[in-house]
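This is what each chain is made of:
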Amino acid sequence: MIKTFLIVFTIFAIFMMGVFGFRGGKSRDTPVRLFPDMDVMDKVKSQKPSDLFKDGVGSRPMVPGTIVHSADDSLYSIEFGEGREGYYYTGMFGDYYGQGMPEELKLTSESADAFLLRGKERYGIYCAVCHGDAGDGAGVTSKYGIAGIANFHAPNFATDQYADGRMYDVITNGKGNMGGYGYNIPVTDRWAIVAYVRALQNAKSIPLKEVSQNN
Ligand code: HEC
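The paragraphs below set out a description of the structure included in this document. The model shown is predicted, which means the values in this text are computed figures rather than measured ones.

### Brief notes about the packing of helix 5 (residues 164-173) against helix 6 (residues 187-205)
When two helices pack together, their arrangement is given by the angle between the helix axes and the distance between those axes. Helix 6 packs onto helix 5 with a crossing angle of 125 degrees between their chain directions and a minimal axis gap of 9 Å. Considering their axes alone, helix 5 and helix 6 lie oblique with respect to each other. Crossing hand, helix 5 versus helix 6: right-handed. Residues Asp164, Gly165, Met167, Tyr168, Ile171 and Thr172 of helix 5 pack against Val187, Arg190, Trp191, Ile193, Val194, Val197 and Arg198 of helix 6. Looking at the contact of helix 5 with helix 6 residue by residue, the class counts come to eight nonpolar, two polar and three charged.

Printed below as a string of structure tokens:
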């Protein structure tokens, strides 16, 4: 029994060495790659030349208008609020969600319209696919199996039930089946979206009759 095993093992070992060679042994032959693991790829390494581009340089210059993604407040950076404290960045005062737009936005009656329009645009880009243009939770993804998308017109999302800061926090960190957008949407835009969701809720709560009477 042992003898047969040894013979089979030896033959197998010789066979393996014949095919794969010794480990660490050098060979000029093209290596046999059973699992290539993306070792060889068509890619440009940074600072390396490339004949794809006319100037022969692989690394491309920054596109005009490129903005630094960083946490400092310098003129051209966008603020994502990572690791920052205070209502403006977290939506919270201590342990509680706060209500209202933070002072840092420096909103005035003149700037409010532009702020809301910005919120509308951002809402259209980031939220409407799921929550719907009207905020009723019937966005296009709801037809493809994303269940339980919040309907902002439900009573539990009304301003007195659901604080602005809480909504800001959900945009930042996500909740349940909804992912967070803290790395995609700058702080000011998150607040603009909150303001726009409030506008959507208010628009819905004005009875149609009242609107026509006012016109
Ligand atoms: C990919 C789909 C999707 C997108 C995009 C999305 N949401 Fe949601 N959202 C959900 C789902 C699903 C829930 C329900 C989460 C749960 O309770 O499990 C939800 C819940 C919420 C809630 C309620 C959370 C709570 O406390 O119950 C708020 C507020 C909200 N979303 C705001 C937003 C805003 C604002 C945006 C845009 C920045 C956005 N969502 C983008 C899917 C999405």
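More follows now that the structure is in view.
### Points about the coordination of the iron atom of the ligand
Four donors placed tetrahedrally around a metal ideally meet at 109.5 degrees, and six donors placed octahedrally ideally meet at 90 or 180 degrees. Bound to the iron atom of the ligand are the protein donor atoms His131 (NE2) and Met178 (SD), situated 2.0 to 2.1 Å from the metal. Accessibility expressed as a relative area gives 10% for His131, which makes it buried.

### Focus: the site of the ligand
Cys127, Cys130, His131, Tyr162 and Met178 are the nearest of the 23 residues found near the ligand. A distance of 3.0 Å is found between an oxygen atom of the ligand and a backbone nitrogen or oxygen belonging to Asn177. Taken atom by atom, the bulk of the ligand overlaps the largest pocket. For the shell around the ligand, the secondary-structure elements that each account for two or more residues are helix 4 (128-131) and helix 5. With four residues, the single largest contributor to the shell around the ligand is helix 5.

### Re the environment of Asn177
Along the polypeptide, Asn177 turns up in the loop between helix 5 and helix 6. The spatial distance from the C-alpha of Asn177 to the C-alpha of Ala199 is 25 Å, given a sequence separation of 22 residues.

Definitions and cut-offs
- All chains use their own residue numbering, which begins from 1 and follows the written sequence.
- Note on the predicted model: pLDDT of at least 70 is required for a residue's local features to be given, and 80 or more for side-chain atom pairs to be given and counted; whole-chain, interface and lining totals, by contrast, use all residues.
- Hydrogen atoms and water are omitted, and side-chain values are computed over all heavy atoms in the structure.
- Helix axes are fitted to C-alpha atoms over the stretch in contact, other axes to C-alpha atoms as well, and angles between N-to-C directions run from 0 to 180 degrees.
- Only DSSP runs of H or I covering at least 4 residues are called helices, and only runs of E covering at least 2 are called strands; the numbering of each starts at the N terminus.
- For classification purposes, an angle smaller than 35 degrees is called roughly parallel, one larger than 145 roughly antiparallel, one from 65 to 115 roughly perpendicular, and anything else oblique.
- Working rule for handedness: look at the near helix, and if it is turned counterclockwise from the far one by less than a right angle, call the crossing left-handed; if clockwise, right-handed.
- Throughout, a residue-residue contact means that at least one pair of heavy atoms, one from each residue, lies within 4.5 Å.
- Any residue outside Ala, Val, Leu, Ile, Met, Phe, Trp, Tyr, Cys, Pro, Asp, Glu, Lys and Arg is labelled polar, Gly included; the first ten of those are nonpolar and the last four are charged.
- Note on donors: an N, O or S atom is included if it sits within 2.8 Å of the metal, or within 3.2 Å for Na, K and Ca, and water is never included, so sites can look incomplete.
- A simple rule labels every residue: compare its accessible area, found with a 1.4 Å probe on the protein chains alone, to the largest value its type can have, and call it buried under 20%, exposed over 50%, or partly exposed in between.
- Throughout this document, a residue counts as near a molecule or strand when at least one of its heavy atoms sits within 4 Å of that molecule or strand.
- In protein, a polar contact means a hydrogen-donor-capable atom and an acceptor-capable atom, both N or O and within 3.5 Å, with residues adjacent in sequence counting only if both atoms are side-chain atoms; elsewhere, any N or O pair within 3.5 Å suffices.
- Note on definitions: the grid is 1 Å and covers protein atoms alone; a cavity is a set of points where a 1.4 Å probe fits but cannot get out; a pocket is an open set with protein on both sides within 12 Å along at least five of seven lines; lining residues have an atom within 4 Å of a point.
- A molecule is counted as occupying a cavity or pocket when more than half of its atoms fall within 2 Å of that pocket's grid points.

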